Amino acid sequence: MSAPRGISLLGATGSIGATALSVIRRHPDRFRIVALTGHRRTGALDALAVELEPELVCVTGGEPAAFEPRWRGPWQFGPETALAAAAHTGADIVLNALVGIAGLAPTLRALECGKRLALANKESLVTGGPFVLEALAAGGGELLPVDSEHSAVHQCLAGRPTSEVSRLTLTASGGPFRDWPLERLDTASPEDALAHPTWDMGTKITVDSATLANKALEVIEAHVLFGLAYEDIDVVVHPTSIVHSLVAFRDGSCLAQLGRPTMEIPILYALGYPDRIDDRRERVGFDPLRDGPLEFEAVREDAFPLFAAGVDAGRRGGELPVVFNAANEVAVSAFLEGRLSFRELSEVVVRTLGRFSDTPIESPERIWQVDRDARTVAREQTEALTCESVEGRAAPGAP
Ligand code: NAD
Ligand code: MG
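Residues numbered from 1 in each chain as written. Chains lettered and ligands numbered in written order. Predicted model: local features only at pLDDT ≥ 70, side-chain atom pairs only at ≥ 80, totals over all residues. Heavy atoms only, no water.

Asks: Can you walk me through the overall build of the chain in this structure?
Replies: Broken down by element type, the chain carries 16 helices and 11 strands. Relative to its length of 399 residues, the chain is compact, with a C-alpha radius of gyration of 21 Å against a globular reference of 21 Å. Here the contacts in the chain between residues at least 6 apart in sequence split such that 67% fall between residues at least 24 apart. Put simply, the chain shows about 17200 Å² of open surface, and 52% of that area lies on carbon and sulfur atoms. (Helix = DSSP H or I, 4+ residues; strand = E, 2+ residues; numbered from the N terminus. Rg over C-alpha atoms; globule rule 2.2 N^0.38 Å. Contact = heavy atoms within 4.5 Å. Areas by Shrake-Rupley, 256 points an atom, 1.4 Å probe, with all protein chains shown as cover.)

Below is the structure:
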């Protein structure tokens, strides 16, 4: 047996980070943590460092006041330290579990360094798709998706060229509001949105699953990863999240990947590929009697406007996917802070998209600029909607 492969885990304190660590702890003969990053939860990061003894620990949110870690190894502080972790020489694999566009620069750096990138951070592919593929080609490394639907597609393709594929179908749970009537959606609170029926995830992606923005991000992600035209990528709602995606081939055969809704399976696949690592806990997999029947339904585009808006942004391309992502990040935060209603969240994103065009993006630097500009517009739209709803509420009783 060869030496364990070094893993740099970006976003160790998050949901994917925690799930990855539970998988990695079960396979010390295969994997060894060499670098960890976290944004602010330094206590949790310190405890992980004491346990895992990495060569590098990075706090991307900066050094907190009066910080006295128990871990005596090297620490680095500041946003750019995620790049040091992505390029760390001891890392064979970089697992990018950061949330939002903050994941893009480390994705590019890991690929430029020729690493295997196990990518959970879909926002990197949405905002920087062509540059990510360029970095992959230049560095000669590997890109393995961790997102469960894309892991499913990768597994169904099994190395076949996408020229043999006639259609991809990504599945969506439909989120907590799948069967809510339109008028009830206006009353949906952050607590309602965070109660996901099948997946236990970080707050941003959980809200994205409730608006279906997540599925639009995933359609763009699939387009970048697998090089298929948007017309050949479908989405279907599958409430129990057992079938993770389907690939139809041009000879009429269709393959699907099935399993319980746990991110442990796609994480282990991305770390171990091409091996199927023996993982005792997952042997049962899909049980047709226990896990059936498998039900599917159409996406309710009228109830979840961010699905069509996001796919349209992807299809039109240029600056628009960056704008969609940035406006969505701003609007999700405002919704979680109680400044926007569920319906207004989508409204902010749609209004912000309307202020930009599909102008091509020539360089990664331009992505950051468009991201900043779109955030400014999205914040203005958030303010405007907050004022409108205060005026609307005041109107009936106003003199
Ligand atoms: P999370 O919020 O639980 O964790 C995010 C991690 O990123 C944390 O470690 C946090 O400290 C760090 N972070 C936050 N802001 C940062 C910043 N500005 N700079 C650097 N680090 C920062 O999120 P998550 O649910 O683990 O999701 C991570 C990524 O994986 C997202 O892109 C998400 O869409 C994707 N994903 C998650 C799941 C899931 O089950 N959670 C499934 C599929 C895909
Ligand atoms: Mg997914």
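After that view of the structure, there is still more to cover.
Asks: Just to check I follow, could you spell out empty space enclosed by the protein for this structure?
Replies: Where empty space is left becomes clear once a probe the size of a water molecule has been rolled over the atoms. Considering all chains together, one arrives at two cavities of 30 Å³ or more under this definition. Estimated volume of the largest cavity: approximately 60 Å³. Forming the walls of the largest cavity are S148, S151, A152, Q155, W199, H244, Q257, G259, R260, T262, I265 and P266. Going through the elements one at a time, α6 (148-157) and α11 (264-272) are the ones with two or more residues in the lining of the largest cavity. Element by element, the count of residues in the lining of the largest cavity is highest for α6, at four residues. For the lining of the largest cavity, the class distribution of residues is four nonpolar, seven polar and one charged. Each pocket or cavity is described by its volume, and for the second largest cavity that value is around 50 Å³. G174, R178, L212, V237, E297, A298, V299, R300 and F304 together form the lining of the second largest cavity. Residue composition of the lining of the second largest cavity, by class: five nonpolar, one polar and three charged. (1 Å grid on protein atoms, 1.4 Å probe; cavity = no way out; pocket = protein on both sides within 12 Å on 5 of 7 lines; lining within 4 Å. Points joined across faces, edges and corners; volume = space filled by probe spheres on them. Nonpolar A, V, L, I, M, F, W, Y, C, P; charged D, E, K, R; others polar.)

Asks: Could you clarify how one ought to interpret the sheet that holds strand β7 (residues 142-145) in this entry?
Replies: As a general point, the strands of a sheet are linked pairwise by backbone hydrogen bonds and lie either parallel or antiparallel. Overall, parallel pairing links the seven strands, which are arranged β4-β3-β2-β1-β5-β6-β7 in an open sheet. The open sheet terminates on both sides in strands that have one partner only, identified here as β4 (75-77) and β7. Strand-to-strand twist in this sheet, taken as the mean axis angle between neighbours without regard to direction, amounts to 20°. In this structure, strand β1 (residues 5-10) lies alongside strand β2 (residues 31-38), joined through six bridges in parallel fashion. (Pairing = 2+ DSSP bridges. Axes fitted to C-alpha atoms, helices over the stretch in contact; angles between N-to-C directions.)

Asks: Would you mind going over the coordination of the magnesium ion (ligand 2) with me for this structure?
Replies: By definition of the ideal shapes, four donors in a tetrahedron about a metal sit 109.5 degrees apart, and six donors in an octahedron sit 90 or 180 degrees apart. Surrounding the magnesium ion (ligand 2) are the protein donor atoms D147 (OD), E149 (OE) and E218 (OE), at 2.1 to 2.3 Å. Sequence spacing of the donors to the magnesium ion (ligand 2): D-x1-E-x68-E. Of this pair, D147 sits in the loop between β7 and α6 while E218 sits in helix α10 (residues 213-226), placing them 71 residues apart in sequence. The exposure classification of D147 matches that of E218, with both residues buried. (Donors = N, O, S within 2.8 Å, 3.2 Å for Na, K, Ca; no water. Buried < 20%, exposed > 50% of the residue type's maximum accessible area, 1.4 Å probe, protein only.)

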